[in-house]
Amino acid sequence: MRGGVFYSRLGPLPRPRPAGEPTAADDAMMTRALALAGAAAAIGEVPVGAVVYETASARVLGEGFNRREADHDPAAHAELLAVRAASQTIGDWRLNHCTLVVTLEPCAMCAGLVVNARVGRLVYGANDPKAGACESLYAIPSDSRLNHRPQIVRGVRAEACGDLLRTFFRQLRRGEA
């Protein structure tokens, strides 16, 4: 880094996009994602919910909740299921005009998916200190070496998202989940 600018062998790297402020649509979609997370908890899945919506119109394009146990699929994360559904809805894998809202900071797999699907905005609730790949352990979506960097909005309804997860794991430890 020289003079506040990051350099690679090829010259200066572009700065990551600044974090944005949550919109009313983000808050409404987080409410929906929390309901999906609750549905996951009800079937014994880690309570994570995700919604993909068209940023300009707030039209929901896809949604999902964790289904790893139910589907016997290690990749059945809420984000992956929501992004797949959105891509099918619009008939394109590029989601530049979309926002992904998720209750928990995405893991490395899902953060990579956000970049590869060209998601325009990423909104998440609770940080994940054990597996978070957007801020907590890694910063994949804001890595200036990658060809796409979404706008990131962190901490939307973080307390409610974290409470849902804490309650689930407390019940699981007690044998109640």
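As the structure is a computational prediction, the values presented were derived from the model and not from experiment. (Residues numbered from 1 in each chain as written. Predicted model: local features only at pLDDT ≥ 70, side-chain atom pairs only at ≥ 80, totals over all residues. Heavy atoms only, no water.)

A. Representation of the overall build of the chain. Helices and strands together make up the secondary structure of the chain, namely five helices and seven strands. Secondary structure elements of the chain occur, N-terminal to C-terminal, as β-β-α-β-β-α-α-β-α-β-β-α. Per-residue burial for the chain yields a buried fraction of 43% across its 177 residues. Within the chain, contacts between residues separated by at least 24 positions form 59% of all contacts whose residues are at least 6 apart in sequence. (Helix = DSSP H or I, 4+ residues; strand = E, 2+ residues; numbered from the N terminus. Buried < 20%, exposed > 50% of the residue type's maximum accessible area, 1.4 Å probe, protein only. Contact = heavy atoms within 4.5 Å.)

B. Representation of the confidence of the model for the chain within the structure. Averaged over every residue, the pLDDT of the chain is 91; the share at 70 or more is 89%. A low-confidence stretch, residues 1-11 stays under pLDDT 50, and its non-local contacts, those more than four residues away or across chains, total eleven contacts. Here residues 13-17 is a poorly scored stretch, pLDDT under 50, and it has 16 contacts once near neighbours within four places are set aside; other chains count. (pLDDT = per-residue confidence, 0-100.)

C. Molecular detail of helix α4 (residues 108-116). Of the positions making up α4, those classed as buried are C110, A111, G112, V114 and V115. At its buried positions, α4 is contacted by α3 (78-90), β5 (98-104) and β6 (121-126). Following α4 by one or two positions, R118 has its phi on the positive side, about 60°.

D. Here's a closer look at the nonpolar core. Counting residues in hydrophobic clusters, the biggest one holds 38 residues, and the most contacted among them are M30, V52, L95, L100, V101 and L122. Per-element accounting of this core gives the leading share, six residues, to helix α1 (residues 24-42). For V52, the residues in contact, after removing those within four places along its chain, are R59, V60, L61, G62, A82, V83, A86, C98, T99 and L100. (Core = buried A, V, L, I, M, F, W, Y, C linked by side-chain atoms within 4.5 Å.)

E. Structural detail: the pattern of salt bridges. This model, assessed by the stated rule, comprises nine salt bridges. For the salt bridge of D26 with R121, the shortest nitrogen-to-oxygen distance reads 2.7 Å. Of the two residues, D26 is situated in helix α1 and R121 in strand β6; the sequence distance between them amounts to 95 residues. D26 gets classed as buried once you look at its relative accessible area, which sits at 0%. Put simply, E63 and R32 hold a salt bridge, and the shortest N to O gap is 2.6 Å. Here R32 lies in helix α1 and E63 lies in strand β4 (residues 60-65), a separation of 31 residues in the sequence. By relative accessible area, R32 is classed as partly exposed at 38%. (Salt bridge = Lys/Arg side-chain N within 4 Å of Asp/Glu carboxyl O.)

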